[in-house]
Amino acid sequence: MRPRLTSLWQHWLRHPHARPLFPTCWSFLKFALVFFALAWVSHWLSERGVFRLTEAQVQAALDIAQHARPAPLVPEIVVVPITKEDLSQYFGDQITAENLLPVLTMLDVLQARTVVVDLDTSGPGFRNKAVPPLSHALVVWAHGAVLTNKHI
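Here the structure is a predicted model, which is why all the values come from computation and not from measurement.

1. What to know about the side chain of Asp108
Here is step 1 of the chain: Within the secondary structure, Asp108 is located in helix H5 (residues 97-109).
Here is step 2 of the chain: The buried charged residue Asp108 lacks any salt bridge, with Arg113 as its nearest oppositely charged partner at 11 Å.
Here is step 3 of the chain: From its side chain, Asp108 meets the backbone nitrogen of Ser135 in a polar contact 3.0 Å long.
Here is step 4 of the chain: Those residues in contact with Asp108 that lie beyond four places of it in its chain are Leu134, Ser135, His136 and Ala137.

Rendered as structure tokens:
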């Protein structure tokens with residue numbers, strides 16, 4: 001025996017006391033009309049970029065996610081900040097290509113994988129100076145990096 005249309009949902013959910021989701025065809029048509037109107041409006045708005053995130057919004061979301069679960073410290077990473085005393089003692093008060101490139105070569109000999117250099121290399125002391133061929137180290141020029149984790 002086939003159940004009647006008004007009791008189809010009652011039969012499907014196996015609850016004889018429950019009311020059907022759409023008791024009449026008119027209620028189903030109203031639901032479908034509202035559903036498709038909302039789908040069309042959301043598609044129209046997304047075509048115009050309303051739901052796109054800006055770069056600042058994405059960065060803010062990433063910052064929130066990173067603060068909630070900060071990255072673990074890796075013991076193989078060594079951060080060496082150069083203080084004013086180090087600058088005057090090892091580099092003669094100014095870091096130039098002539099005194100930086102031997103340091104990069106020495107780090108390559110020590111088998112460093114990546115060396116991040118946080119310097120402004122746009123000055124005349126670095127122009128037309130090529131980094132010597134390195135076999136292990138990859139040099140990343142990152143002027144403007146900020147050390148945020150003070151206990152490193």
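2. Describing the environment of Leu138
Here is step 1 of the chain: Tracing the backbone through its elements, the reader meets Leu138 in strand E2 (residues 138-141).
Here is step 2 of the chain: Leu138 sits in the exposed class, given a relative accessible area of 52%.
Here is step 3 of the chain: Along the primary structure Leu138 and Val115 are separated by 23 residues, whereas in three dimensions their C-alpha atoms are 6.1 Å apart.
Here is step 4 of the chain: If we ignore the near neighbours within four places in the chain, the residues touching Leu138 are Arg113, Thr114 and Val115.

3. As for the packing of aromatic side chains
Here is step 1 of the chain: For the coordinates displayed, the defined rule picks out 5 aromatic pairs.
Here is step 2 of the chain: Ring centres of Trp40 and Trp44 lie 6.4 Å apart, and the angle between their planes is 20 degrees; this geometry places the pair in the stacked category. Residue Trp40 and its partner Trp44 are both found in helix H2 (residues 25-47); the two are separated by 4 residues, about one turn of the helix.
Here is step 3 of the chain: Classification of Trp40 by relative accessible area gives exposed; the value is 55%.

Cut-offs applied
- Residues numbered from 1 in each chain as written.
- Predicted model: local features only at pLDDT ≥ 70, side-chain atom pairs only at ≥ 80, totals over all residues.
- Heavy atoms only, no water.
- Helix = DSSP H or I, 4+ residues; strand = E, 2+ residues; numbered from the N terminus.
- Buried < 20%, exposed > 50% of the residue type's maximum accessible area, 1.4 Å probe, protein only.
- Lys, Arg positive; Asp, Glu negative; His and termini not counted.
- Salt bridge = Lys/Arg side-chain N within 4 Å of Asp/Glu carboxyl O.
- Polar contact = N/O pair within 3.5 Å; in protein donor to acceptor, adjacent residues only side chain to side chain.
- Contact = heavy atoms within 4.5 Å.
- Phe/Tyr/Trp six-rings, centres within 6.5 Å; stacked < 30°, edge-to-face > 60°.

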